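Here are the chains, one letter per residue:
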Amino acid sequence: MDERISWEPCPTCGERAAVGWELFVCTACQSVNESPVEFDCPAGCQMDAAELPHAFLSG
Ligand SMILES: [Zn+2]
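Residues numbered from 1 in each chain as written. Predicted model: local features only at pLDDT ≥ 70, side-chain atom pairs only at ≥ 80, totals over all residues. Heavy atoms only, no water.

Some remarks on the sheet that holds strand β1 (residues 3-9)
Taken in spatial order, the three strands make up an open sheet running β1-β2-β3, and their pairing is antiparallel. Every interior strand has two partners, whereas the edge strands, β1 and β3 (32-40), have only one. Between one strand axis and the next, the sheet turns by 35° as a mean value, whatever way the strands run. Bridge analysis of β1 against strand β2 (residues 16-25) gives seven bridges, and the strand direction is antiparallel. Pairing of Pro-9 across the sheet is with Arg-16, part of β2. (Pairing = 2+ DSSP bridges. Helix = DSSP H or I, 4+ residues; strand = E, 2+ residues; numbered from the N terminus. Axes fitted to C-alpha atoms, helices over the stretch in contact; angles between N-to-C directions.)

Next comes the structure, spelled out in structure tokens:
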């Protein structure tokens, strides 16, 4: 599993939160995409995994 961490503004409190991104290949178009799968805010904010793509993926 290939995964990276980036620091993104927390949608709840605005602090920098660690977001874990998992790489996956689209079976339909064979393009490589990233999807946020982990969220860790230093302020302790919680996010449902289902909300992560909406919060951190644009478009
Ligand atoms: Zn937060």
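There's plenty left to go through after this.
Remarks on the nonpolar core
Counting 10 residues, the largest nonpolar core consists of Cys-10, Ala-17, Val-19, Trp-21, Phe-39, Cys-41, Cys-45, Met-47, Leu-52 and Phe-56. Listed by contribution, the elements that provide at least two residues to this core are β2 and α1 (52-56). Sorting elements by how many residues they give to this core places β2 first, with three residues. For Phe-56, the contacting residues outside a window of four places in its chain are Glu-8, Pro-9, Pro-11, Val-19, Trp-21, Pro-36, Phe-39 and Met-47. (Core = buried A, V, L, I, M, F, W, Y, C linked by side-chain atoms within 4.5 Å. Buried < 20%, exposed > 50% of the residue type's maximum accessible area, 1.4 Å probe, protein only. Contact = heavy atoms within 4.5 Å.)

In short, geometric facts, not functional conclusions.
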